[in-house]
Amino acid sequence: MKRTTLSLIAGATALAAVTGFAALTAPDGAAAPEAKATTRLPVERAGLVCPAPSTSEVAETRYTSYTPTGTGAAKGTPGKTEQPTALLRTATNATPADGTGKTGKKSEAPKAPATVTAPGKPVTAEAEGGSVPALTGSATGTLAPGWTVQQTTVVPAGGARGLLGLGCGAPDTDFWFPAASTAKDRQDYVHLTNPDDTAAVADIELYGPEGLLKSQFTEGIPVPAHSTVPVLLSTLTSETARRDVTVHVTTRSGRVGAAVAAADDKLGSDWIAPAADPASTAVLPGIPADATSVRLVAFAPGDDDADLKVQLATATGTIVPAGGGSLHVKSGMTAFADLPDLTRGAVGSLLLTPSDPKKPTPVVAALEVVRGKGENTEIAFIPATAAVSARATVADNRAKASTLSLTAPGADAQVKVTASAGSEGGTPVSRTVTVKGGTTTVLADLVPEGLKGSYALTVEPVSGGKVHAARTLALPEDGVPMFTVQTFVDDRGTVELPTAHQDLGVLD
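Residues numbered from 1 in each chain as written. Predicted model: local features only at pLDDT ≥ 70, side-chain atom pairs only at ≥ 80, totals over all residues. Heavy atoms only, no water.

(A) Main features of the overall build of the protein. Within the protein one finds one helix and 40 strands. Counting all 508 residues of the protein, 52% fall into the buried class. Long-range contacts, defined here as pairs at least 24 residues apart, represent 81% of the contacts in the protein between residues at least 6 apart. When the accessible area of the protein is evaluated, it comes to approximately 21700 Å², of which 51% is carbon and sulfur surface. (Helix = DSSP H or I, 4+ residues; strand = E, 2+ residues; numbered from the N terminus. Buried < 20%, exposed > 50% of the residue type's maximum accessible area, 1.4 Å probe, protein only. Contact = heavy atoms within 4.5 Å. Areas by Shrake-Rupley, 256 points an atom, 1.4 Å probe, with all protein chains shown as cover.)

See below:
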């Protein structure tokens, strides 16, 4: 009888260092050995997806690629001596599920896809027009931990006029998008992009104020390998148009990147990023001080209704908004609340908690925010976001145009905020910021010394309670207060793994 020794934990550790996750399964149904200790290692590979930025011929798009300093790559992966890389590549346009949109040929990539050469300095690339494709990309080695790409598009005229910002997202299997719409004055597309070598199959569910909308072409949507599929939401249902819709995207096989491009004929356009996973509490940070309209949209995906307390975290404390202190969300139905004159001239963050702490009910939520009045308006969306657990970055910040909002919904907290070197020059600077519990702290003056070009902002918790963060980028044009808001999503630059203590023997 021959005895073959398998070091399962060591093998899983190597896998996790590359992909950011690992699953331990012992042979023949045996229980995996109990881990006595854990260690945290930097990931060796990270992947991101950037959807096609616009169909407007006058669109101007900037990609900013950045890896923060301070976390080296995992060491000792067997048989690998790869040169670190971080590169975006073109995805092919595939046939949309509803039969609309352009199909077939591979589009031209940006002139110089954003490629990071070393941690600590942003790299930018620009593209023009409406034929710019979706991009998929990966970073390896020292460039992988914390790799982020910001996609910023200016559309100065037309039905999709606006400033559209999006942090390119990691591929996944489950996404929630509150605050989408099938209304006649909205053109909302969900973009599904597959970065992998095998095909993915996605499902889309739409929920209005009365519940699940009767849909067609929403199940089993094929997304070929290395391709993107845009789906116009209003074509997926024959029911009456709904202003407030929650979109749920899942995959039955494979994984995709997903984001919703929302264009309002009167208000402007922007991306809706995925909301945080369903939870009984939600934080929606960074509502601009001069917001003229704020609309809260929430959805309860479980079997129970949710009764929510609605509060606003300001610079001085937490208050109850006038006329909007609570929201009832029926199970499986999209609820909304208009919050007029919410911020009253000061940046704030919305806090959602159970009205009865003994009855916590998971919800997903997002805000539709409008700045300006009359014809000079612009729209943006703020999804509920999880707290920064280790580190998070938003790239493409501009001098005198970026505002960072930090919210501590519970206990006092300290965070380290770093403004990176500029893409064309400048020295990074850092600051430790204390955020009092129940308040929102605003930073608009943290920029690199001698800044040239754009820069990245990185937030790292130091001590105390949880902190949620958002960045507002404001680039007014021709009297229109163009803006976009990106929340800080933890960069998953490291992964916690069990330390190998023993080998599991298998007898042949």
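(B) Structural detail: the environment of Gly438. Secondary-structure assignment places Gly438 in the loop between strand S33 (429–435) and strand S34 (439–443). Among residues more than four places away in sequence, those in contact with Gly438 are Ala313, Thr314, Gly317, Thr318, Ala408, Pro409 and Gly410.

(C) Seen up close, the side chain of Arg295. Within the fold, Arg295 resides in strand S21 (residues 291–299). At 2.6 Å, the side chain of Arg295 forms a polar contact with the side chain of Asp244. (Polar contact = N/O pair within 3.5 Å; in protein donor to acceptor, adjacent residues only side chain to side chain.)

(D) Highlighting the nonpolar core. Counting residues in hydrophobic clusters, the biggest one holds 31 residues, and the most contacted among them are Phe177, Val190, Leu192, Ile204, Leu206, Val247 and Val249. If sequence neighbours within four positions are ignored, Val247 has contacts with Phe175, Trp176, Phe177, Ala180, Ile204, Glu205, Leu206 and Leu233. Membership of the second largest hydrophobic core comes to 30 residues, among which are Ala282, Ala380, Ile382 and Val485. (Core = buried A, V, L, I, M, F, W, Y, C linked by side-chain atoms within 4.5 Å.)

(E) The arrangement of a negative patch on the surface in detail. Among the surface-exposed residues, Asp303, Asp304, Asp305, Asp307 and Asp356 lie close enough to one another that they form a single negatively charged patch. You can call Asp304 exposed: its relative accessible area is 52%. (Patch = residues over 30% accessible without salt bridge, like charges linked within 9 Å, V, L, I, M, F, W, Y side chains within 5 Å. Salt bridge = Lys/Arg side-chain N within 4 Å of Asp/Glu carboxyl O. Lys, Arg positive; Asp, Glu negative; His and termini not counted. Charge placed at Lys NZ, Arg CZ, Asp CG, Glu CD.)

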